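In case you want the letters, here they are:
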Amino acid sequence: MKKFLLPILFLLSITVHSQNSELTVIGNKNGVPAQLSTENLKSIFMGNQPKWSDGSKVIIAMMKFTTDGGKTTCSKLYQKSTTDVTKHWLTVSMKGVIDAPVFFNTAAELQNFVANTAGAIGVFDGTVSASTVKTVLIDGKRSF
């Protein structure tokens, strides 16, 4: 019985950990607002908002779905599996209204991209290390 219980408990702890991970949203200093509601953030990351209020193009940056941060983003932000989010973006990007997200292996790469790309917004599991990006508050909080 112990042989079967320990692997199950381990898998459950991984699932609980990924659900409890905090996500941070960052934006380029040009175009991206300083605050968003959760609903507005979800709408942006679903591809429903191709431009910011200043007219600049929305560019979405995310962690690859093979990373813990990518998996957490799918479950917390999209409330979908990585497969379902991939299918969603294939459909959205084929319509040509907004480009598919740009994906990264590390938070540092994502932060560098957002810092150097006007209109870019990114989400990852971690803290901001680049002073050249701004943390976007979600419902008044630095992470969600």
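## As for the overall build of the protein
Helices and strands together make up the secondary structure of the protein, namely five helices and seven strands. Each helix and strand of the protein, placed in order from N terminus to C terminus, yields the pattern α-β-β-α-β-α-α-β-α-β-β-β. Taking the intrachain contacts of the protein between residues at least 6 apart in sequence as the baseline, contacts between residues at least 24 apart amount to 72%. Only carbon and sulfur atoms are counted for the fraction: they give 58% of the accessible area of the protein, which is about 8,200 Å².

## So, unusual backbone geometry
The phi dihedral of Q79 is positive, around 55°, even though this residue is not glycine. Turning to its location among the elements, Q79 is positioned in the loop between α3 (68–78) and α4 (82–95). Since its relative accessible area comes to 57%, Q79 is described here as exposed. One non-glycine residue with positive phi stands out, namely D139, at about 55°. Looking at the element boundaries, D139 is found in the segment after β7 (137–138). Since its relative accessible area comes to 48%, D139 is described here as partly exposed.

## Some remarks on the packing of α3 against α4
Two elements in contact, α3 and α4, have axes separated by 9 Å at closest approach and are oriented at 75°. Viewed along their axes, α3 and α4 adopt a mutual orientation that is roughly perpendicular. Listed contacts from α4 to K71, C74 and Y78 of α3 are T82, V85 and W89. For the contact of α3 with α4, the residue count by class is four nonpolar, one polar and one charged.

## A look at the nonpolar core
Counting residues in hydrophobic clusters, the biggest one holds 24 residues, and the most contacted among them are V25, L41, F45, I60, I121, V123 and F144. If you look at the next biggest cluster of nonpolar residues, it comprises 11 residues, including F104, F124, A130 and V133.

## Focus: the environment of T127
For T127, the location among the structural elements is in the loop between β5 (120–124) and β6 (134–135). By relative accessible area, which is 66% here, T127 ends up exposed. Once the C-alpha coordinates of T127 and S143 are considered, the two residues, 16 residues apart in sequence, prove to be 8.8 Å apart.

## Some words on the packing of aromatic side chains
Considering all chains together, one arrives at two aromatic pairs under this definition. Ring centres of F65 and F103 lie 5.1 Å apart, and the angle between their planes is 75°; on these two criteria the pair is classed as edge-to-face. Within this pair, whereas F65 is found in the loop between β3 (59–63) and α3, its partner F103 is found in strand β4 (residues 102–104), the two being separated by 38 residues in sequence. Take F65: its relative accessible area is 15%, and that puts it in the buried class. Taking 5.2 Å as the distance between ring centres and 45° as the angle between the ring planes, the aromatic pair formed by F104 and F113 counts as tilted.

Rules used in this analysis
Residues numbered from 1 in each chain as written. Predicted model: local features only at pLDDT ≥ 70, side-chain atom pairs only at ≥ 80, totals over all residues. Heavy atoms only, no water. Helix = DSSP H or I, 4+ residues; strand = E, 2+ residues; numbered from the N terminus. Contact = heavy atoms within 4.5 Å. Areas by Shrake-Rupley, 256 points an atom, 1.4 Å probe, with all protein chains shown as cover. Buried < 20%, exposed > 50% of the residue type's maximum accessible area, 1.4 Å probe, protein only. Axes fitted to C-alpha atoms, helices over the stretch in contact; angles between N-to-C directions. Parallel < 35°, antiparallel > 145°, perpendicular 65-115°, else oblique. Nonpolar A, V, L, I, M, F, W, Y, C, P; charged D, E, K, R; others polar. Core = buried A, V, L, I, M, F, W, Y, C linked by side-chain atoms within 4.5 Å. Phe/Tyr/Trp six-rings, centres within 6.5 Å; stacked < 30°, edge-to-face > 60°.

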